[in-house]
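# Structural overview
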Amino acid sequence: IYFGMGNSNNKGPAPNAKGGQIWSYDPDRNRFRVQFWTDEEQVDRYRILNGKLVVPGHDPTDSWKYGNWYRLEPKGWKKHRNIPGGIHCYDMISFGGKIFAALGTKPNSEFVVMSEDGGETWKGCGILGMRAYTLFTVADNLYVCLYRGVAAYDGNRFHENIDHEWFPGCSEKKLVR
């Protein structure tokens, strides 16, 4: 069982705590241990991408020229520092043979990037001007939750302001009471 810790918030009680540790718990041995110290303010999400455990680099303590992500490899955790402008990498997902990363970057930068070579290089996917928080799939389609709304991937790029009936047969009035 893996879990993380830290605080990437700039406000108290422990602003930017620099506690980006990857912890594990072994239930057979009833033992907790720190597996790896990241160069992040916080570790909060784990994903399995192409059969390997991955941690998006939530808030790097390095320069913000590149964002980080971490992968558990046969010899242990490895830091990958190659996401252009990835000040915050909130989420990652594999979809259609590609890896996608949801970012919080500088304004007018790409907020979702994609890698077609297992995370070695990254390119933008058409979302500018807002933070992208969570990548998810529904009915074999890829979506991203943005600061305002949801965008859908069409196989080449993401499109904002999609009109989608998330819960067929339910109006918004029925969902809100």
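What counts, and where the lines are drawn
- Residues numbered from 1 in each chain as written.
- Predicted model: local features only at pLDDT ≥ 70, side-chain atom pairs only at ≥ 80, totals over all residues.
- Heavy atoms only, no water.
- Helix = DSSP H or I, 4+ residues; strand = E, 2+ residues; numbered from the N terminus.
- Buried < 20%, exposed > 50% of the residue type's maximum accessible area, 1.4 Å probe, protein only.
- Polar contact = N/O pair within 3.5 Å; in protein donor to acceptor, adjacent residues only side chain to side chain.
- Contact = heavy atoms within 4.5 Å.
- Phe/Tyr/Trp six-rings, centres within 6.5 Å; stacked < 30°, edge-to-face > 60°.
- Salt bridge = Lys/Arg side-chain N within 4 Å of Asp/Glu carboxyl O.
- Pairing = 2+ DSSP bridges.

### Regarding the side chain of Asp91
Tracing the sequence through the fold places Asp91 in strand E8 (residues 88-95). With relative accessibility at 0%, the residue Asp91 sits in the buried group. A polar atom in the side chain of Asp91 sits 3.0 Å from the side chain of Arg45. Reaching out from Asp91, the side chain makes a polar contact with the backbone nitrogen of Leu135 at a distance of 2.8 Å. Non-local contacts of Asp91, meaning those with residues more than four positions away in its chain, are made with Arg45, Arg47, Pro56, Phe100, Ala101, Ala102, Tyr133, Thr134 and Leu135.

### Brief notes about the packing of aromatic side chains
In the structure shown here, the tally under the stated rule is 13 aromatic pairs. Members of the aromatic cluster, each reached through a chain of ring pairs, are Phe3, Trp23, Tyr25 and Phe32.

### Overview of the pattern of salt bridges
Counted by the stated rule, this structure contains 9 salt bridges. Between Lys79 and Asp39 there is a salt bridge, and its shortest N-O distance comes to 2.7 Å. One end of the pair, Lys79, is in strand E7 (residues 76-84); the other, Asp39, is in the loop between strand E3 (31-37) and strand E4 (47-49), and 40 residues separate them in sequence. For Lys79, a relative accessible area of 26% translates into the label partly exposed. Taking relative accessible area as the criterion, Asp39 reaches 30% and is therefore assigned partly exposed.

### So, the sheet that holds strand E10 (residues 112-115)
If you trace the 4 strands from one edge of the open sheet to the other, you get E8-E9-E10-E11, paired in antiparallel fashion. Two strands bound the open sheet, and with one partner strand each, they are E8 and strand E11 (123-124). In the sheet, strand E9 (residues 98-104) pairs with E10 via 4 bridges, with the strands oriented antiparallel. For Ile99, the partnering residue across the bridge sits in E10 and is Ser115.

### Comments concerning the side chain of Arg71
Examined against the element boundaries, Arg71 turns out to sit in strand E6 (residues 66-73). Polar contacts involving the side chain of Arg71 include one to the side chain of His80, which spans 3.5 Å. For Arg71, the contacting residues outside a window of four places in its chain are Lys52, Leu53, Val54, Gly76, Trp77, Lys78, His80 and Gly118.

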